[in-house]
Amino acid sequence: MTSPHALARSAPETAGAPRTTTAPRPTAGPATRPTATVRPSGAGHARHHRDTDPRVDVPALTDVLLGRYADLRRGARDLVAEPRFQKVEGLPAAEHRARVLEQLRALEAEGDVLRAFPSALGGADDHGGYLARFEELVVADPSLQIKAGVQWGLFASAILHLGTAGHHERLLPGAMSVAVPGAFAMTETGHGSDVASIGTTATYDPATEEFVVHTPFRAAWKDYLGNAGQHGTAAVVFAQLVSQGPADPRPVNHGVHAFYVPIRDAATGEFLPGVGGEDDGLKGGLNGIDNGRLWFDHVRVPRADLLDRYGSVAADGTYSSPIASPGRRFFTMLGTLVQGRVSLDGAAVNAAKIGLVIAVTYGNQRRQFAGASPTDEVVLLDYGEHRRRLLPLLAETYAATFAHEHLLAAFDDVFSGRDDTPDSREELETLAAALKPTSTWHALRTLQTAREACGGAGFLTANRLTSLRADLDVYVTFEGDNTVLYQLVGKRLLARYGQQIGGDPAVIARLVAGRAADAALHRMPLARAAQTLVDAGDARRSAGQLRDPHTQRDLLADRVAAMVAELAQALRPARRAAPEVAAQLFDAHQHELVEAARAHAELLQWEAFTRALDTVADAGTRQVLTWLRDLFGLTVIERNLAWYLVNGRLSAGRARTVTSYIERLLLRLRPHAQDLVDAFGYGPEHVRAEIASGAEAARQDEAREAQRAARASGTDPVPEPKPAR
């Protein structure tokens, strides 16, 4: 089949038809298919092409981007290329929900969606491979991806990871087969991301050996739950476990635990006695999912339906747990569900890729306004500001892709058991909490910028950008609100800093003095003047230093280290302060904590991109990717120039060099933009946007040919003469 995206790759135009070559291009399947490659023409684009320029080996780069799970990703792309799995834009919510439920059942039958489950239960014990396939569903319909995530990634996985062998044997078959559509009832209207403070209770009754699940007030309703609005017949419900054993003088709250609770009659669809709820109604996106609310009025659940891997209750009410610390127990239970954040990171990156394929392809074909040529208008991507808007986002998408591959490997190492230790689990949780906010916010920014870069055409639903943006919106607040996750990362960075320096007052005093001296040194006029002299002496040397990966890493890493150290110093008094004073002090520095986490995530992405360069064999491709890595690193630095200037890390002259070198990189990367988005490996059956189908190139060619013919015939009207002055 012929890829219409290839129409956007260009060579300088000669009079007449553009040159056409045939070259293999990756598509959804394992094999490559021949693709007609037409280089778009235009004087502006021609300026950037030289025979000596490096070229991108697109199929090889696709393999690099697909990573260790390339075959599984290709298989998933083959599946979602089928129209029966794809979103029908404009479908009424009720029909969209019904369609997605049927798609979910088709996935169970054909989609290899059970890979993460034990082989004894029909799975493949392949946790990383499962997520690699699952993340591709966003290309078909984000509603399908999220509903699949609710069913297998949350509901069934909670049974798997929080339950024991008896639960697996009894409850998993229905959850895995979708015979029991399930909800994951953790979030409450009143507490959102603050899971430890949820209001739902599960009080043990030793007389009947049952838990009584109860919603004590309206704010404790379970809310925003996929499958709760209509389809779910059972739920994993998180509640405060309260029990009283023979040795307990009064009931004890043992914290949040998970319970398997039937909620609807499968035959009638009616709520079971004691269970109530309502539909969340129409949402800003993801309307193929039946989100809803649940409440419980003294619903009795057998003791056996407590998912008791990390905490159990004996028949007499005695509570026991393999983890003594309630705090550690709580975070261990939540940590088993980290795969939701990992998958959202990957899905968001894929959505950003689709947006960039559309915007770059359209920008390579759409012409507007006269340029240097007296006859041809300018291709959009030949405008400096258009490059400035799209190419840094392309660089960040590559960085996010490589960082996600690292996260996926860490996830698989932990959940496969190869590296399942408390430290590695904490590292995985921190990594996921850093990358999920970064990539989901990036996806929204990319889709909005892509929409604007495509003008009015980008606003049409047929071109997908607006609906993708709407569906991805909620990604920034579920599976952990992004700002809350960044706070978790910031706290972990502070904890590690504290572990490194220890509690020795003398060590702390030396470090505080050292930080003060370091800050003073960087702010000294003499140090700034020395750098300015170097900059003024040779601008090329200054640009060369910024191009050096060691310089880039030093600048990125130093910012993280300095921000964490300054935060630790500012928050030291909180260790001995009264709780209300400590809370006020923390609140005063909350923004710095979030910014330190963001800087840490950007450093992780830069490092992942740099490591990936070593896996690229082709010299031309590696050169282009190096420019792209430099663009990412320097764009991050430019975005934070105020910090570097205020803290004396860059002189004003060097700061100007950052911006000027970015402009140079944008020109170097401009001829490779189409190859870089084509290397994502998505075909027209995945992109499904009319403006990225080649139709715009055909329209432009038709218009230019008509104008040529009119000029050649001599019948073309002449312009109105300008008035004499």
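Residues numbered from 1 in each chain as written. Predicted model: local features only at pLDDT ≥ 70, side-chain atom pairs only at ≥ 80, totals over all residues. Heavy atoms only, no water.

Draft legend 1. A look at the pairing of strand E4 (residues 201-205). In this sheet, strand E5 (residues 210-214) lies alongside E4 in antiparallel orientation, the contact comprising 5 bridges. The residue of E5 that forms the bridge with Ala-202 is Val-213. Taken together, E4 and the strand that follows it, E5, pair antiparallel across an intervening segment of 4 residues, in which Glu-209 is found at a positive phi of about 55 degrees. (Pairing = 2+ DSSP bridges. Helix = DSSP H or I, 4+ residues; strand = E, 2+ residues; numbered from the N terminus.)

Draft legend 2. Quick look at the packing of helix H11 (residues 384-416) against helix H24 (residues 652-669). Close contact between H11 and H24 brings their axes to 10 Å; oriented N to C, the two are set at 85 degrees. Judged on the interaxial angle alone, H24 and H11 are roughly perpendicular. Contacts between H11 and H24 involve Arg-387, Arg-388, Leu-391 and Pro-392 from the former and Thr-659, Ile-662, Glu-663, Leu-666, Leu-667 and Leu-669 from the latter. (Axes fitted to C-alpha atoms, helices over the stretch in contact; angles between N-to-C directions. Parallel < 35°, antiparallel > 145°, perpendicular 65-115°, else oblique. Contact = heavy atoms within 4.5 Å.)

Draft legend 3. Representation of the environment of Asp-305 in the model. Take Asp-305: it is sitting in the loop between strand E11 (299-302) and strand E12 (312-313). On the basis of relative accessible area, Asp-305 is assigned to the buried category, the value being 8%. Separated by 45 residues in the primary sequence, Asp-305 and Tyr-260 have C-alpha atoms spaced 5.3 Å apart. (Buried < 20%, exposed > 50% of the residue type's maximum accessible area, 1.4 Å probe, protein only.)

Draft legend 4. Here's a closer look at the nonpolar core. Counting residues in each nonpolar core, the largest one holds 172 residues, and the members touching the most others are Trp-152, Phe-238 and Tyr-398. Ignoring sequence-local partners within four residues, the contact set of Trp-152 consists of Leu-104, Leu-107, Glu-108, Val-113, Leu-114, Phe-117, Tyr-130, Ser-157, Ala-175, Met-176, Val-178 and Gln-339. Of all hydrophobic cores here, the second largest spans 23 residues; its members include Ala-228, Leu-241, Leu-294 and Tyr-319. (Core = buried A, V, L, I, M, F, W, Y, C linked by side-chain atoms within 4.5 Å.)

Draft legend 5. Structural detail: the packing of aromatic side chains. Counting across every chain of the model gives 15 aromatic pairs. Geometrically, the ring pair formed by Tyr-398 and Phe-402 is edge-to-face, given 6.3 Å between the ring centres and 65 degrees between the ring planes. Placement of the pair is Tyr-398 and Phe-402 together in helix H11, with a separation of 4 residues, close to one helical turn. Residues Tyr-398 and Phe-402 agree in their burial class; the two are buried. Above the ring of Tyr-682, the side-chain terminus of Arg-77 is found at 3.9 Å from the ring centroid. A cation sits over an aromatic face here: Arg-218 above Trp-221, 3.9 Å from the ring centre. (Phe/Tyr/Trp six-rings, centres within 6.5 Å; stacked < 30°, edge-to-face > 60°. Lys NZ or Arg CZ within 6 Å of the ring centre and 35° of its normal.)

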